[in-house]
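# Structure at a glance
If you want the building blocks of each chain, they are given just below.
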Amino acid sequence: MSAVQLRGFGWRHAGRKAWAVRGVDLRVEAGERVLLLGPSGAGKSTLLSALAGLLPEDSGEQEGTVEIDGLDPRKARERVGIVFQDPETQLVMARCGDDVAFGLENRGVPADEIWPRVDEALHRVGFPYHRDRPTAALSGGEQQRLALAGALALRPTLLLLDEPTANLDPAGAALVRRAVADAVDADTTLILVEHRVAEALPLVDRVVVLEPGGGVRADGPPAAVFAAHGDALAAEGVWVPGRIVAPRHATAPAGEPLITADRLGLPPRLAPTDLSVRAGEALAVLGPNGAGKSTLALLLGGLLRPGTGTASATAVLAGRDAGTSPHRWRAPPWPRGSARSSRTRSTSSSPAPSSTSWRSARAGPAGPRRRAGHGRDAAGTAPAGEAGRRQPVHPLRRRGAAAERGDRPGHRAPPADLRRTHLRSGPADLAGAGRPLRRAARRRARRRHRHPRPGLRRRAGGPDRHPGAPGMIVIEPVAAPGAPLARRNPVAKLAAALVFSVALIATLDPVAPAIAIAIELGVLPLFGVRYRVLARRAWPLLAGAAGIVVTLVLFAADRSGRVLVEAGPVTVTSGVLLTALGLVLRMLAVALPGVIVFATTDPTDLADALIQNAKAPARFAIGALAAFRLVPLLGQEWQMISMARRARGVDAGRNPLARLRLFVSTAFALLVGAIRRGTRLAVAMDARGFDAGTPRTVARRQRFTTADGLLIAGAAALAGGALAASILLGTFRPLLG
């Protein structure tokens with residue numbers, strides 16, 4: 001058990017004028033369960049970071065003291081476990097069991113104790129899968145439970161939970177809370193930051209409210225704190241149990257339809273759906289997770305191209321684009337410096353940038369099941385993200401926006417005058433899609449069952465995953481189980497690929513690379529990789545090869561040989577084609593071994609082998625692995641940023657310069673987001689002892705055998721054979737000389 005003592009504690013981040021938290025005097029006894037509340041900016045997350053020892057001395061200015069069992073938190077890190085709110089930036093390894101074992105390895109736990117503790121932690125949080133399941137295949141709630149298991153495996157005496165359900169839907173949040181209730185030992189001190197206060201109260205016996213200006217406003221049992229300070233907290237945006245926002249009734253009935261969906265859908269995310277949105281109404285579309293609510297909102301907002309059916313808007317909403325599908329609408333030209341407006345506004349539960357207007361909308365795939373009531377204008381306020389930050393619930397015609405849609409921006413009570421559309425999901429998902437679509441879905445399901453293919457997959461929506469979010473690419477090895485060369489040590493495979501590729505760089509002729517490519521394709525079955533899968537993985541190489549040919553044909557200085565084609569300024573000779581063929585074949589021959597290696601190697605195994613066999617620094621190998629795991633998120637982030645900007649009316653049109661500027665600005669926004677995400681991941685890794693300096697142990701041993709050495713020798717022999725054949729045929733052209 002750990003006791004916490006803060007005396008006048010304050011922290012100001014480097015480069016900031018304002019203090020993040022200040023003047024906190026607090027004592028938490030060992031075994032207490034504390035709910036930490038306060039408006040946004042009160043310093044809750046900063047306080048938890050200080051308790052976890054994650055505020056380096058050179059990263060800011062501290063006043064007062066903070067102690068855990070009488071020790072500075074930086075010296076008591078092994079006693080503390082912390083879980084953050086974003087599950088994506090807490091997971092390091094590619095497999096679930098390896099991620100739980102990550103902290104144990106950092107703490108130097110003996111190897112024979114690691115897997116029993118991993119299995120125990122996974123069982124305690126109710127993790128439903130085997131420990132070898134890819135982390136990228138988990139839903140948000142499953143990822144958060146895995147992060148909780150990673151913290152509990154360290155057996156902390158102080159557990160800190162920083163809004164662990166903030167990015168989860170109600171079902172996922174309930175699973176995480178149940179895991180916390182079942183898994184945390186009775187003698188573990190718990191400090192929880194949570195905005196879903198009513199649901200969190202069964203986990204705690206004490207509430208502490210931080211004052212934004214500094215200090216502690218309230219401290220005591222939950223009932224006493226909310227009775228004395230409930231009204232003030234509710235006014236500041238804290239979701240106080242029992243405080244219901246009074247509904248605001250509309251003053252006028254709903255008007256004419258603005259946009260109508262006729263069999264609108266995007267299989268398999270949203271089956272054909274019929275819907276009508278009228279002027280001045282508040283419409284709530286209800287449905288279970290994964291039903292396609294967000295997809296319907298994006299289709300109506302013109303941010304996705306429909307897969308089936310149509311969406312048509314009247315001239316009141318669309319103006320000159322009436323009758324045109326919303327995804328084809330173009331933003332009107334705006335003078336530089338003027339304010340932009342759009343005909344539909346949106347806000348999303350995604351952290352990507354979005355506009356600030358709000359409208360409740362939830363949807364499902366199989367079409368309306370029931371409609372009740374007539375909606376009108378809704379006004380008031382609703383929180384979005386953190387308590388205290390409020391977004392205006394605009395009337396639907398305010399500021400030029402004729403219709404608005406929202407994606408779960410808050411959890412306040414809906415307007416009283418609300419039209420609800422309920423939609424089905426589950427076994428009847430394809431009920432409205434017709435027999436051909438149902439038959440096609442059954443055929444795809446049978447194929448997946450008979451021939452499961454690992455490799456690049458779309459992550460399916462789980463029971464507690466954000467519905468409608470773009471599927472994320474899961475990077476896994478694609479080797480068939482039991483393939484002889486796929487089972488070789490990752491370092492041996494990487495070394496063999498380097499030996500084989502480097503030897504081919506020495507020649508410019510096309511014969512040696514052609515022989516090398518034939519060898520590579522010949523040994524491909526020994527790696528357990530299908531040719532079709534290799535072609536799918538290597539398509540960027542094929543695109544680059546085409547670019548090389550076009551560039552040389554247009555700009556090559558050497559035009560020797562017989563003229564084959566002469567069309568104006570373009571002259572194609574046999575010498576140009578021979579040079580292009582040599583470069584293309586050499587590029588493919590050099591790159592394909594690397595493609596094969598990474599297609600047959602699990603990233604976690606590669607990192608382990610680099611550390612154990614190649615003696616690579618652990619911070620380099622595991623840091624690269626953690627970053628590699630986040631690479632698939634970049635495409636999703638790019639799509640979300642692009643959709644958010646289009647929702648704001650930012651459109652480059654057909655102007656190439658405008659497109660270039662938009663591309664550069666989007667890339668910069670993606671870079672900023674990647675840096676922030678990487679920073680959060682680094683903090684989460686350090687929270688599990690990655691920077692502890694303790695000699696690491698390893699959960700999975702990577703052994704380098706005689707067969708691995710033979711693989712490297714065989715690669716060198718084959719590369720030498722390709723060069724020897726080129727020399728014997730008289731086509732060898734050395735790169736130097």
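Residues numbered from 1 in each chain as written. Predicted model: local features only at pLDDT ≥ 70, side-chain atom pairs only at ≥ 80, totals over all residues. Heavy atoms only, no water.

## Observations regarding the overall build of the protein
Secondary structure summary: the protein contains 19 helices and 23 strands in total. A total of 737 residues make up the protein; the buried ones form 49% of that total. Put simply, 73% of the contacts in the protein that link residues at least 6 apart link residues at least 24 apart. Surface exposure of the protein reaches about 33500 Å², of which carbon and sulfur atoms provide 59%. (Helix = DSSP H or I, 4+ residues; strand = E, 2+ residues; numbered from the N terminus. Buried < 20%, exposed > 50% of the residue type's maximum accessible area, 1.4 Å probe, protein only. Contact = heavy atoms within 4.5 Å. Areas by Shrake-Rupley, 256 points an atom, 1.4 Å probe, with all protein chains shown as cover.)

## Focus on helix 2 (residues 96-106)
With eleven of its eleven residues buried, helix 2 lies for the most part within the structure. Those residues of helix 2 lying buried are C96, G97, D98, D99, V100, A101, F102, G103, L104, E105 and N106. Tucked into the core, helix 2 has its buried residues touching helix 3 (111-124), helix 4 (140-152), helix 16 (603-612), helix 17 (618-647) and helix 18 (656-687).

## Quick notes on the sheet that holds strand 11 (residues 270-278)
Here three strands make up an open sheet; going across it, the order is 11-10-13 and the pairing antiparallel. In this open sheet, the two strands that pair with only one neighbour each are strand 11 and strand 13 (308-313). The sheet shows a mean angle of 5° between the axes of neighbouring strands, direction not considered. Two strands pair when backbone bridges link them, and strand 10 (residues 257-266) and strand 11 are joined in this way by six bridges, in the antiparallel orientation. Within strand 11, the residue paired with L264 across the bridge is T273. Strand contacts of helix 8 (residues 293-300): strand 10 and strand 11, with the helix running at about 125° to strand 10, the strand carrying the most contacts. (Pairing = 2+ DSSP bridges. Axes fitted to C-alpha atoms, helices over the stretch in contact; angles between N-to-C directions.)

## Things to note about a nonpolar patch on the surface
Nonpolar side chains collect at one region of the surface, where L498, V502 and I505 lie side by side and expose about 270 Å² of accessible area between them. Take V502: it is sitting in helix 11 (residues 490-504). (Patch = residues over 30% accessible without salt bridge, like charges linked within 9 Å, V, L, I, M, F, W, Y side chains within 5 Å. Salt bridge = Lys/Arg side-chain N within 4 Å of Asp/Glu carboxyl O.)

## Here's the deal with helix 17
Helix length check: helix 17 (30 residues) gives 43 Å between terminal C-alpha atoms against 44 Å at 1.5 Å per residue, within 8%. Maximum bend of helix 17: about 35°, positioned at P632. Two residues or fewer past helix 17, G649 is found with a positive phi of approximately 90°. (Expected span 1.5 Å × (residues − 1). Bend = angle between axes of the 7 residues up to and from the residue.)

## Let's talk about unusual backbone geometry
Residue P268 is bonded to the preceding P267 through a cis peptide linkage, with omega at 0°. As for its placement among the helices and strands, P268 is situated in the loop between strand 10 and strand 11. Of note in this structure, D69 is not a glycine but carries a positive phi near 55°. Counting through the fold element by element, D69 comes out in the loop between strand 4 (60-68) and strand 5 (80-83). The partly exposed category is assigned to D69, whose relative accessible area is 31%. One non-glycine residue with positive phi stands out, namely E163, at about 50°. Topologically, E163 is positioned in the loop between strand 6 (158-162) and helix 5 (170-183).

## Concerning the pattern of salt bridges
Between side chains of opposite charge, pairing is possible as soon as their charged atoms come close. Taken as a whole, this structure holds 27 salt bridges when the rule is applied. In this structure, R124 engages D185 in a salt bridge whose closest nitrogen and oxygen atoms are separated by 2.9 Å. Taken together, the residues R124 in helix 3 and D185 in the loop between helix 5 and strand 7 (189-193) connect sequence positions 61 residues apart. D185 sits in the partly exposed class, given a relative accessible area of 39%. As a salt-bridge pair, E211 and R217 come within 2.9 Å of each other at their nearest N and O atoms. The class of E211 is partly exposed, set by a relative accessible area of 28%. One continuous salt-bridge network, built from bridges that share partners, spans R95, D98, D132, D602, D605 and R700.

## A short note on the pairing of strand 6
Where burial is concerned, most of strand 6 is hidden: five out of the five residues are buried. Direction of pairing for strand 5 relative to strand 6: parallel, over a ladder of four bridges. Note that in strand 6 the partner of I82 across the bridge is L160. Pairing of strand 6 with strand 7, which is carried by five bridges, proceeds in the parallel orientation. If you follow L161 over to strand 7, its bridge partner there is L192. Handedness of the crossover joining strand 6 and strand 7 through helix 5 is recorded here as right-handed. (Right-handed = clockwise from strand over helix to strand, strands pointing away.)

## Section: the packing of aromatic side chains
What the rule picks out here adds up to three aromatic pairs. For the pair F102 and F690, a centre-to-centre distance of 5.5 Å together with 40° between the ring planes defines the contact as tilted. In this pair, F102 sits in helix 2 while F690 sits in the loop between helix 18 and helix 19 (706-728), placing the two residues 588 residues apart along the sequence. When sorted by exposure, F102 lands in the same class as F690, which is buried. Each ring, one from F127 and one from Y129, has its centre 5.7 Å from the other, and the planes form 80°; the classification is edge-to-face. Classification of Y129 by relative accessible area gives partly exposed; the value is 31%. (Phe/Tyr/Trp six-rings, centres within 6.5 Å; stacked < 30°, edge-to-face > 60°.)

## Notes on the sheet that holds strand 4
Strand pairing within a sheet occurs via backbone hydrogen bonds; the two strands may be parallel or antiparallel. Reading across the sheet, the three strands line up as 2-1-4 and stay open at both edges, with antiparallel pairing between neighbours. In this open sheet, the two strands that pair with only one neighbour each are strand 2 (21-28) and strand 4. Pairwise comparison of adjacent strand axes, ignoring direction, gives a mean angle of 20° for this sheet. Of the pairings in the sheet, the one linking strand 1 (residues 4-13) to strand 2 comprises five bridges and is antiparallel in character. Residue pairing in the sheet places F9 in a bridge with V24 of strand 2. This element, helix 1 (residues 44-51), spans strand 1, strand 2 and strand 4 of the sheet and lies at about 115° to strand 1.

## Let's talk about the confidence of the model for the protein
Looking at the protein, the pLDDT average stands at 77 and 78% of residues meet or exceed 70. The model gives residues 444-474 a pLDDT under 50, and that stretch makes 85 contacts with residues more than four places away or in other chains. (pLDDT = per-residue confidence, 0-100.)

## A few points about the environment of G547
Tracing the chain through its elements places G547 in helix 14 (residues 539-555). When its relative accessible area of 32% is taken as the criterion, G547 is described as partly exposed. Distance in space between the C-alpha atoms of G547 and V584 is 9.6 Å, their sequence separation being 37 residues.

## Observations concerning the side chain of N106
As for its placement among the helices and strands, N106 is situated in helix 2. On the basis of relative accessible area, N106 is assigned to the buried category, the value being 2%. One polar contact links N106 to R696, side chain to side chain, over a distance of 2.8 Å. Among all residues touching N106, those that are not within four sequence positions of it are R688, G689, F690, T694 and R696. (Polar contact = N/O pair within 3.5 Å; in protein donor to acceptor, adjacent residues only side chain to side chain.)

## Observations concerning the packing of helix 11 against helix 15 (residues 574-599)
The interhelical angle for the contact between helix 11 and helix 15, taken along N-to-C directions, is 180°, at an axis separation of 9 Å. One element, helix 11, and the other, helix 15, form an angle in the roughly antiparallel class. On helix 15, the residues touching K493, L494, A497, F500, S501 and L504 of helix 11 are R586, A589, V590, P593, G594 and V597. (Parallel < 35°, antiparallel > 145°, perpendicular 65-115°, else oblique.)

## Here we look at the packing of helix 14 against helix 15
Relative to each other, helix 14 and helix 15 sit at 160°, their axes nearing to 9 Å. Accordingly, the angle class assigned to the pair helix 14 and helix 15 is roughly antiparallel. Crossing hand, helix 14 versus helix 15: right-handed. The segment helix 14 lies against helix 15, with L541, L542, G544, A545, I548, V549, L552 and V553 engaging V576, T579, A580, L583, V584, M587, L588, A591, L592 and V595. In terms of residue class, the contact of helix 14 with helix 15 is made up of 16 nonpolar, two polar and no charged. (Left-handed = near helix turned anticlockwise from the far one by under 90°. Nonpolar A, V, L, I, M, F, W, Y, C, P; charged D, E, K, R; others polar.)

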